[in-house]
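# Fold and geometry: a report
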Amino acid sequence: MAGFDENCLDFIEKYNGTSAPSSVPLASAAQKEAKTVSLGETALSQDLSEDEKSLIDTICKGFKDLSPQITQKLLDGGKSPVEIIDRCIVPALDIVGKEFEIGRKFLPQLLLAADTVSSSFAVIKSHLEKSGVKAEEKGKIVIATVFGDIHDIGKNIVKAMLENYGYTVIDLGKNVPAQTIVKTVIDEKIRLVGLSALMTTTVASMEETIRLLREETAKIGRDVKIIAGGAVLTADYAAKIGADYFGKDAMASVAVAKEVFGK
């Protein structure tokens, strides 16, 4: 590795939309163009400063070592944490998410963007602690990999993306008994639960967890929304076992959170 193409951005830009040689014709230029994310599709402010544009670009490219200094410069220049989040961080994540959905960015780039945002949030958190101001809490979410399943990579990605969008995530980990999930949901007054299962043998455990959640929250008149995800699930099957939403990927989970909490 010579380090000439940081995060493989040039490689992805050059070969995105192409495929390995085969007898199937490549997509037309018009089809490829239709898959390009326009920044106009994302809520970018029209009066962005050069530093704000720089932070958005830094997040989109996943340059996590650069984001802290740009974030600090914005804070020193009078931008509030809320302004930085609303004008830079959320729009940048939206751009990355849309490009991930259409195949212009891939999982490593999604994770790099999340790490870059985490670096910015560390600076913002430090600033808030010094000023004595508490960050706005958008909503609290419980996530867990269901009992019998020890896979948590997908869950961890979902957690990172939700936290970077400003949600508080209570991560119960993997192989979590249904009773533990239910107790946490009730004790913490949770409105949204994310359940993950990566093995076909543990889908039954997810179904049992959902059933128990419904029963126990109904007893106290609590309306809890459930999002189910994992490689073995489909939207139809998630609905069949009682979930309200199917999380096909991390960005789908963010979209659900926005719908549930209205922000």
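Residues numbered from 1 in each chain as written. Predicted model: local features only at pLDDT ≥ 70, side-chain atom pairs only at ≥ 80, totals over all residues. Heavy atoms only, no water.

## Things to note about the pairing of strand E4 (residues 225–229)
Which entries qualify depends on this criterion: Using a 1.4 Å probe on the protein chains alone, a residue whose accessible area is under 20% of its type maximum counts as buried, one over 50% counts as exposed, and one in between counts as partly exposed. Secondary structure is summarised from DSSP: a helix means a run of H or I of at least four residues, a strand means a run of E of at least two, and numbering begins at the N terminus for each. Here, a strand pair is defined by DSSP locating no fewer than two bridges between the strands. Seen with its strands pointing away from the viewer, a crossover is right-handed if its path from the first strand over the helix to the second goes clockwise.
Counted residue by residue, E4 has 4 buried out of 5 residues, so it is predominantly covered. As judged from the 5 bridges shared by strand E3 (residues 192–196) and E4, these two strands associate in the parallel manner. Looking at E4, one finds that Leu195 is bridged to Ala228. Read as a crossover between parallel neighbours, the route from E3 over helix H9 (residues 203–219) to E4 is right-handed. Taken together, E4, helix H10 (residues 235–240) and strand E5 (residues 245–247) constitute a β-α-β crossover, and its handedness is right-handed.

## Things to note about the nonpolar core
For the record, the criterion: The term nonpolar core refers to a set of buried residues drawn from Ala, Val, Leu, Ile, Met, Phe, Trp, Tyr and Cys, joined through side-chain atoms within 4.5 Å. Residues are treated as being in contact if the distance between any of their heavy atoms lies within 4.5 Å.
Counting residues in hydrophobic clusters, the biggest one holds 45 residues, and the most contacted among them are Ile89, Ile141, Met161, Leu162, Tyr165 and Leu192. Counting only elements with at least two residues in this core, the list comes to helix H3 (50–61), helix H4 (67–76), helix H5 (81–101), helix H6 (107–131), strand E1 (140–145), helix H7 (153–164) and helix H11 (250–261). The leading source of residues in this core is H5, at 10 residues. For Tyr165, the contacting residues outside a window of four places in its chain are Val90, Leu93, Asp94, Lys138, Met251, Val254 and Lys258.

## Structural notes on the confidence of the model for the chain
Reading predicted coordinates in detail is not appropriate for stretches of low pLDDT. Cut-off, in case you're wondering: Confidence of the predictor at the level of single residues is captured by pLDDT, which takes values from 0 to 100.
Chain-level pLDDT for the chain is 82 on average; 81% of the residues reach the 70-or-more range. Mean pLDDT per element in the chain: helix H2 (residues 29–34) is the minimum at 30, and helix H8 (residues 178–187) is the maximum at 97.

## Quick word on the packing of aromatic side chains
Given two aromatic rings, one states the distance between the centres and the angle between the planes to describe the pair. Basically, it comes down to this: A pair of aromatic rings is counted whenever rings of Phe, Tyr or Trp (Trp by its six-membered ring) have centres within 6.5 Å, and the orientation is called stacked for planes under 30 degrees apart, edge-to-face for over 60 and tilted otherwise. Here, over-ring charges are defined by two tests on the NZ atom of lysine or the CZ atom of arginine: distance to the ring centre within 6 Å, and angle to the ring normal within 35 degrees.
Applying the stated rule across the entire model yields 1 aromatic pair. A cation over an aromatic ring shows up here: Lys138 above the ring of Tyr167, its NZ or CZ 5.6 Å from the ring centre.

## Let's talk about the packing of H7 against H11
For any two helices packed against each other, the geometry comes down to the angle between their axes and how far apart the axes lie. For clarity, the cut-off: The convention used is that axes are lines fitted to C-alpha atoms, helices contributing only their stretch in contact, and that angles between N-to-C directions extend from 0 to 180 degrees. When an angle is under 35 degrees it counts as roughly parallel; over 145 it counts as roughly antiparallel; between 65 and 115 it counts as roughly perpendicular; any other value is oblique. Crossings are assigned a handedness: left-handed for a near helix turned anticlockwise from the far helix by less than a right angle, right-handed for a clockwise turn.
Direction vectors running N to C along H7 and H11 enclose 45°, while the axes themselves pass 9 Å from each other. Judged by the angle between their axes, H7 and H11 are oblique. Judged by the twist between their axes, the crossing of H7 over H11 is right-handed. In this structure, H7 uses Ile157, Val158, Met161 and Leu162 to contact H11, whose residues at the interface are Ala250, Met251, Ser253, Val254 and Ala257.

## Things to note about H5
Formally: A helix's residues, less one, multiplied by 1.5 Å, set its expected span. The seven residues ending at a residue and the seven starting there each receive a fitted axis; the angle between those axes is the bend at that residue.
Between its first and last C-alpha atoms H5 spans 28 Å; for 21 residues at 1.5 Å apiece the expected length is 30 Å, and the two agree. If you look at H5, its biggest bend is around 25°, right at Ile89, and the proline Pro91 turns up within four residues after that. Most of H5 sits out of view: 16 of its 21 residues are buried. Count one or two residues on from H5 and you reach Gly103, which has phi positive near 85°.

## A look at the side chain of Thr184
Note on placement: Thr184 falls in helix H8. Setting aside anything within four residues of it in sequence, one finds Thr184 in contact with Val142, Ile170, Leu172 and Ile190.

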